[in-house]
Amino acid sequence: MTWEAGVRVRGGGAWVRGVAAVLAVVCAVLAAPPAVAAAEEDEAAGIIVLGVPGLAWTDIDASVTPNMWAMAGSGASASMSVRTIGSWTCPEAGWLSLGAGERAGGAAPRDAQCAAQSRLQAPVEDGAGWSVEDWQALVDANESFNYGARLGSLADAVAAMAAEQEAAALEAEAAGEPVVAPDPGACVAGIGDGAALAAADTAGRIAFWGPDLGSLGAAMGVCDVVIVDPGVVVGDTADEAPDTSTDYDQLGEDDIGVGSDEPTGALDEGEIEPEAASVRERAAAEADAAVGEVQAALPEDWRLLVAGVSDASAPSALHPVLYSGAGVEAGALTSATTGRDGYVQLVDVSATALGAIGAGVPATVAGAPIQVLPDATHSSASAVARGIDETAASQSVIAVSFVFYSVLSALGVIAVAAAVWLLCGPDRFRGLARTVCLAVAAMPVAGVAAGIPPWWRAGEPTLAFWALIAAGMAVLTVAASLPWTRRGARPLLVIAGTAALLIAVDQVSGATWPLHTPMGYTAQAGARFTGLGNYAFAVFAAAVILLVAFLPWRGRARVWGPVAIGVCAVVIVGAPNLGRDMGGTLTLVAAGILCCWKLWGRKLTVKAVILAGVIAFAVFAIGGFLDYLRPQEDQTHLGRFVGSVLDGTAANILIRKADAAIGTIGRPLTWLSLAALIGAIVIWRRRAPVRTDEVAAAVIGLSAVAVLGAVVNDSGIAVTGFATAIGFGLLAVTVGPRTDRARPATRDPAAAAPTSRN
């Protein structure tokens, strides 16, 4: 099959060498180390972690909580996601997650006001020490959640450090070398009932436990890591929720946001109206008094970390982390698990406690040590204001997300019908159908752009958000309908080009726009803080496929132009310092190869599909392995996944992601995907076969993104829905109605002329 410039793609060594060179470039970029956010802190003599369930940024006030207010300015701070199992985290789950260094759930029912999981029992003392009562029930409960949480990993890691030190001392003594005495305080102590859950080892045993802060001095004298529960839950009400007997977890299956980027978008059943602010203020003041007492007893070479370790009720929110003491400068906090300044996760607190005393972080701990970003302008007021703003942003996103997905799905179904009409229907209303296709394709692009202005700060955040969406849709629709842009593939190039450019610029500039939009990720969900979310990936991948297929390539550019765009797109999606999307990398490489294969006039065979899959997996595996070879604190989740494969724990991750993907079936974007399938069948029956390589390449590439993306990403059918939203209508507008349909016969004017009579 010849092209416009007479160029053919031929097999042979040149093509193979070109592909090999491209793979080498992609793998090299994927292996490039991410930007280093901060240097690790020096070790301290010890660390105290004081957890306050329910503590929010709005609770920290100069008059109500003066100790925490001062600590926010003199130390470093960040907003923390406490997401564990389910869409909100109650105290029992929060304390267990702190001790496991992984998302863990409680054994008690998780009601809307966390009343059941706030009733924590004191450990049982025997002649040999203390142990958590019913520890096995907690272990059994967590075996059902597929997160692989190993309760007690924090205490076991410290004990492992002690064993290594003792072994090293014995080895040095036997060799006649200088002996370094083992650290006598290599253990974890707990103060308070909740702290007992975090300080226990994998057998449920606690090295030292005290009921209240009166035992703090003794605890610091025994152990270098001390977990403190002051016995305060900062909540809006002192009453219990109406239903405290139902376990809303149902093993995590009832929480639609578990394991995915999608928030719930609705308040949880059983929630009751909050009481007066004085209830919360009294609890916050009591917690602040405990902070002051710990600060007074803190040695100069120790550190103090204060954290809101859980929610007090549904819905969830971000919580503050305040860090001060030996070697900690004023500024913001970050961690390798978030990759974003000012954000950390609950599991990072466990790794931080280990790092502070020089203990290694085991593979069972999912977090990474918190790092300080020094800032000379840091103050209490700025830290609290930023935390409040970040919390408001994340909650505003959840408030609009479900409606956004529902509206997009409903409009998308209409757009699919309009596309079918445009391609197969009569001439009537064709202009309207075209406009509908363009407007709906512009909606997810407008969703990405909506993150640029801080809409959540408006007096009516929801109204401001929808105004931005409507404006974005209108601007793109008009831009694609101007006299010089409305013909041929130009409307597609305008909207798809805008989508790809927006997302590429965002990733290169630090991925700041999608953080607070339904197209991105919500910080409090804890699934992703930076890089490319699954929804934005679907839009980006579909846009790239359309650009590759319909850009007016000439000559040899038809070969290397698509390859260049594909390489850049894969780097943006998969590079550790950019998209960090391992499922997206696999999907885009395979879809891009199949798209180019058809664009170059090749027949799509089973062998070609297998080859595309092998190359995609090779890029994924090589990039992941090179990422795994970097230090653990520098690894992205791609490298950590490779590590889980090597240590045999990957099954839990795959099962969890599969459960999450299956759980997306039945949500709003399911109906858009189903409508697209029906529409495609109708169009195929009426318009088949596909007549050009460009259209065939686009159809194959988009189908690969929709199907493979849904299989390998935990957002499941939502990936298909977003790819459909932007791709289906744009492809229909570009193809347009058939031009070879039979037209009504017209009379020949000459034949119709009356004959003259003689």
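Residues numbered from 1 in each chain as written. Predicted model: local features only at pLDDT ≥ 70, side-chain atom pairs only at ≥ 80, totals over all residues. Heavy atoms only, no water.

Participant: Explain helix α13 (residues 490–508) here, please?
Facilitator: Turn by turn, an α-helix covers 3.6 residues, leaving residues three or four places apart pointing in a common direction. Relative to the 27 Å expected for 19 residues at 1.5 Å per residue, α13 spans 26 Å between its end C-alpha atoms, a close match to the ideal helical length. Of the positions making up α13, those classed as buried are P491, L492, I495, A496, A499, A500, L502, I503, A504, D506 and Q507. Along its buried surface, α13 packs onto α11 (430–449), α12 (461–479), α14 (534–550), α15 (557–574) and α22 (717–735). Just downstream of α13 lies G510, where phi reads positive at about 120°. (Helix = DSSP H or I, 4+ residues; strand = E, 2+ residues; numbered from the N terminus. Expected span 1.5 Å × (residues − 1). Buried < 20%, exposed > 50% of the residue type's maximum accessible area, 1.4 Å probe, protein only. Contact = heavy atoms within 4.5 Å.)

Participant: Is there a simple way to explain the state of the cysteines in this structure?
Facilitator: Think of a disulfide as a covalent bridge from one cysteine sulfur atom to another cysteine sulfur atom. By the definition in use, this model includes two disulfides. One disulfide bridge connects C187 with C223, the sulfur atoms lying 1.9 Å from each other. When the S-S torsion is -105°, as for the bridge of C187 with C223, the disulfide is left-handed. Highlighted residues: C187 in the loop between α5 (153–174) and β5 (188–191) and C223 in the loop between α7 (216–222) and β8 (225–228), separated in sequence by 36 residues. With a relative accessible area of 15%, C187 lands in the buried category. Overall, the relative accessible area of 0% leaves C223 in the buried class. With its bonded cysteines labelled in order along the sequence, the protein chain shows the pairing 1-2, 3-4. (Disulfide = S-S within 2.5 Å.)

Participant: How should the pairing of strand β9 (residues 302–307) be read in this particular structure?
Facilitator: Remark: a regular strand shows side chains that alternate across the two faces of the sheet. The element β9 is extensively covered by neighbouring structure, given that six of its six residues are classed as buried. Burial along β9 is two-sided: W302, L304 and V306 and R303, L305 and A307, pointing in opposite directions, are all buried. In this structure, strand β1 (residues 46–51) lies alongside β9, joined through six bridges in parallel fashion. Each bridged residue has a counterpart across the sheet, and for G51 the counterpart in β9 is A307. (Pairing = 2+ DSSP bridges.)

Participant: Sorry if this is basic, but what is going on with the sheet that holds strand β3 (residues 124–126) here?
Facilitator: Hydrogen bonding along the main chain pairs the strands of a sheet, whether they run parallel or antiparallel. An order of β3-β4-β6 is seen for the three strands of this open sheet, with the pairing classed as antiparallel. Unpaired on one side and paired on the other, β3 and β6 (205–206) mark the two borders of the sheet.

Participant: Would you mind going over helix α16 (residues 582–599) with me for this structure?
Facilitator: Here α16 is 18 residues long and its end C-alpha atoms lie 26 Å apart, about the 26 Å a rise of 1.5 Å per residue gives. Of all 18 residues that make up α16, 15 are buried, and the element is covered over most of its length. Where α16 terminates, the next one or two residues include G601, which has phi positive at roughly 85°.

Participant: What exactly am I supposed to notice about the confidence of the model for the protein chain here?
Facilitator: As a general rule, the predicted coordinates of low-pLDDT regions are not to be interpreted in detail. When the pLDDT values of the protein chain are averaged, the result is 80; 80% of them are 70 or greater. Contacts from residues 742–758, a stretch scored under 50 in pLDDT, to residues over four places away or in other chains number one contact. (pLDDT = per-residue confidence, 0-100.)

Participant: Explanation requested: unusual backbone geometry in the structure shown.
Facilitator: A negative phi angle characterises most non-glycine residues, just as the trans form characterises most peptide bonds. The step from A314 to P315 runs through a cis peptide bond, and the omega angle for that step is -5°. Here P315 lies in the loop between β9 and β10 (319–325). A positive phi angle is found at D134, which is not glycine, with a value near 60°. Counting through the fold element by element, D134 comes out in the loop between β4 (129–131) and α4 (135–142).

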